[in-house]
Amino acid sequence: MTASRQAIIKGIDLYLLNRGSRNQELVGCHHLNGDIQQPEDVRAVLRGLEFDVVVDWIAYKPDEIERDIALFSGRANQYIHISSASVYQKPPGHYLITESTPRNNPYSDYSQNKIACEERLLRAYHEEAFPITIVRPSHTYDRHFPFALGGSAGYTVADRMKKAQPVIVHGDGSSLWVVTHAEDLGCGLLGLMGNEQALGEAFHITSDEVLTWDRIYQTIGEALGVEPNIVHIASDFITDVEPSFAGSLFGDKTWSLVFDNSKIKEFVPGFKAIVPFSEGIRRTVEWFEAEEGRRNVDKGLNDAMNRILAAYAGSDE
């Protein structure tokens, strides 16, 4: 929703399509009620409307891309697909990633589906003149914590930190990573909207701040006012105990990755990620601390982490 707020501030005539009441509190835009998974219902909602730009954040599989092509062909001057920087080659051939880095990720079903989505869109651009732009964010955060394990599970790992419980960092904590505040992603995205030079192109939009995983966890701890009790465990060991983490680790976070943002800076002059992680994560903590109901703890994730930690402790006996 950060990008939506930024669009409204910029004076863009914004339409938001949601199936329920989500984001209804956002003022200054048009709210359309419809379920994108029900194309005929959405077609009725969109009747008579045309758009300079359509941005789809929730197309994850090729059949959803087919649906969007059918819905928005002739209705949009630009269709922006929010893909993922996890599509890039794993294991990486080089730590520095550009948009021409090969796309191949055998470890993650999510990434493989995103690659297939991109391939279909590129065919639509070349064969059907469907006006696409592809955006590949990498580990963007705002109202969630960018942990390597359990980052999407609310307050769980932060709660462990505050209770001085052990938290797991994969490997030895020294691999390099990039986390990007949603506000910076939004700035780059808005610069691509309506940009005819961006048609047929793909861009990643990330921060230029490079951190080790240990430093990421330590910075989160500082924002929480605690010293995190970090336990380093090899990715192989983690996934042997909990195979569900394999896609997130081997398909993404295990490897040292740094992104070359030269292309987005060329197409969007003046773009620069300006929110340092220390500031961005302070905002994240403030958002969680503002309401107790936001600080949800996932028992399943806690149990999984405890199983890994117990197995690791047992391996030393």
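Here the structure is a predicted model, which is why all the values come from computation and not from measurement.

Colleague: Honestly, the overall build of the protein in this entry has me stumped. Any pointers?
Modeller: On a plain count of helices and strands, the protein comes out with 12 helices and 14 strands. Taken over C-alpha atoms, the radius of gyration comes to 20 Å for the protein, in line with the 20 Å a tight globule of 317 residues would show. Its C-alpha atoms give the protein principal-axis dimensions of roughly 70 × 45 × 40 Å. Counting every position in the protein, which comprises 317 residues, the buried fraction comes to 49%. By sequence separation, contacts in the protein at least 24 residues apart represent 75% of the contacts at least 6 residues apart. Put simply, the protein shows about 14,600 Å² of open surface, and 48% of that area lies on carbon and sulfur atoms. Where the 30 positive side-chain charges of the protein centre and where its 45 negative ones centre are 3 Å apart.

Colleague: Help me understand the sheet that holds strand S11 (residues 202-205), please; the structure alone is not making it clear to me.
Modeller: One key point about sheets: their strands pair by backbone hydrogen bonds, in either a parallel or an antiparallel sense. Within the open sheet, the 4 strands sit side by side as S3-S4-S6-S11. Their pairing is parallel. This sheet does not close on itself; its edge strands, each paired only once, are strand S3 (54-56) and S11. Going from strand to strand, the sheet's axes swing by 25 degrees on average, the running direction of each strand aside. Judged from the 4 bridges that link them, strand S6 (residues 132-137) and S11 form a sheet pairing that is parallel. Opposite Val-135, over in S11, you have Phe-203 as the bridge partner. Strands in contact with helix H3 (residues 62-72) are S3 and strand S4 (79-82); relative to S4, the strand with the most contacts, it is inclined by about 160 degrees.

Colleague: Honestly, the nonpolar core in this entry has me stumped. Any pointers?
Modeller: The tendency in soluble globular proteins is for nonpolar side chains to be buried as a group. Among the nonpolar cores identified, the biggest contains 41 residues, and Phe-145, Ile-216, Tyr-217 and Ile-220 are the most heavily contacted of them. When near neighbours in sequence (up to four residues on either side) are disregarded, Ile-220 contacts Phe-145, Pro-146, Phe-147, Met-161, Phe-277 and Ile-281. In terms of nonpolar packing, the next biggest core, distinct from the first, is built from 20 residues, Phe-51, Ala-59, Ile-65 and Ala-124 among them.

Colleague: Just checking my understanding: could you explain the pairing of strand S1 (residues 15-18) for this structure?
Modeller: Working note: regular strand, side chains alternate between the two faces of the sheet. Here S1 shows a buried face lined by Leu-16 and Asn-18 and an unburied face lined by Tyr-15 and Leu-17. In the sheet, S1 pairs with strand S2 (residues 30-33) via 4 bridges, with the strands oriented parallel. Each bridged residue has a counterpart across the sheet, and for Leu-17 the counterpart in S2 is Leu-32.

Colleague: Can you help me understand the packing of H3 against helix H4 (residues 109-128) in this one?
Modeller: When two helices pack together, their arrangement is given by the angle between the helix axes and the distance between those axes. Relative orientation of the contacting elements H3 and H4 amounts to 30 degrees, with a least axis distance of 8 Å. Taken together, H3 and H4 sit at an angle that is classed as roughly parallel. Of the two elements, H3 crosses H4, and the hand of that crossing is right-handed. In contact with Pro-62, Ile-65, Glu-66 and Ile-69 of H3, H4 contributes Asn-113, Ala-116, Cys-117, Arg-120, Leu-121, Ala-124 and Glu-128.

About the criteria used
Residues numbered from 1 in each chain as written. Predicted model: local features only at pLDDT ≥ 70, side-chain atom pairs only at ≥ 80, totals over all residues. Heavy atoms only, no water. Helix = DSSP H or I, 4+ residues; strand = E, 2+ residues; numbered from the N terminus. Rg over C-alpha atoms; globule rule 2.2 N^0.38 Å. Buried < 20%, exposed > 50% of the residue type's maximum accessible area, 1.4 Å probe, protein only. Contact = heavy atoms within 4.5 Å. Areas by Shrake-Rupley, 256 points an atom, 1.4 Å probe, with all protein chains shown as cover. Lys, Arg positive; Asp, Glu negative; His and termini not counted. Charge placed at Lys NZ, Arg CZ, Asp CG, Glu CD. Pairing = 2+ DSSP bridges. Axes fitted to C-alpha atoms, helices over the stretch in contact; angles between N-to-C directions. Core = buried A, V, L, I, M, F, W, Y, C linked by side-chain atoms within 4.5 Å. Parallel < 35°, antiparallel > 145°, perpendicular 65-115°, else oblique. Left-handed = near helix turned anticlockwise from the far one by under 90°.

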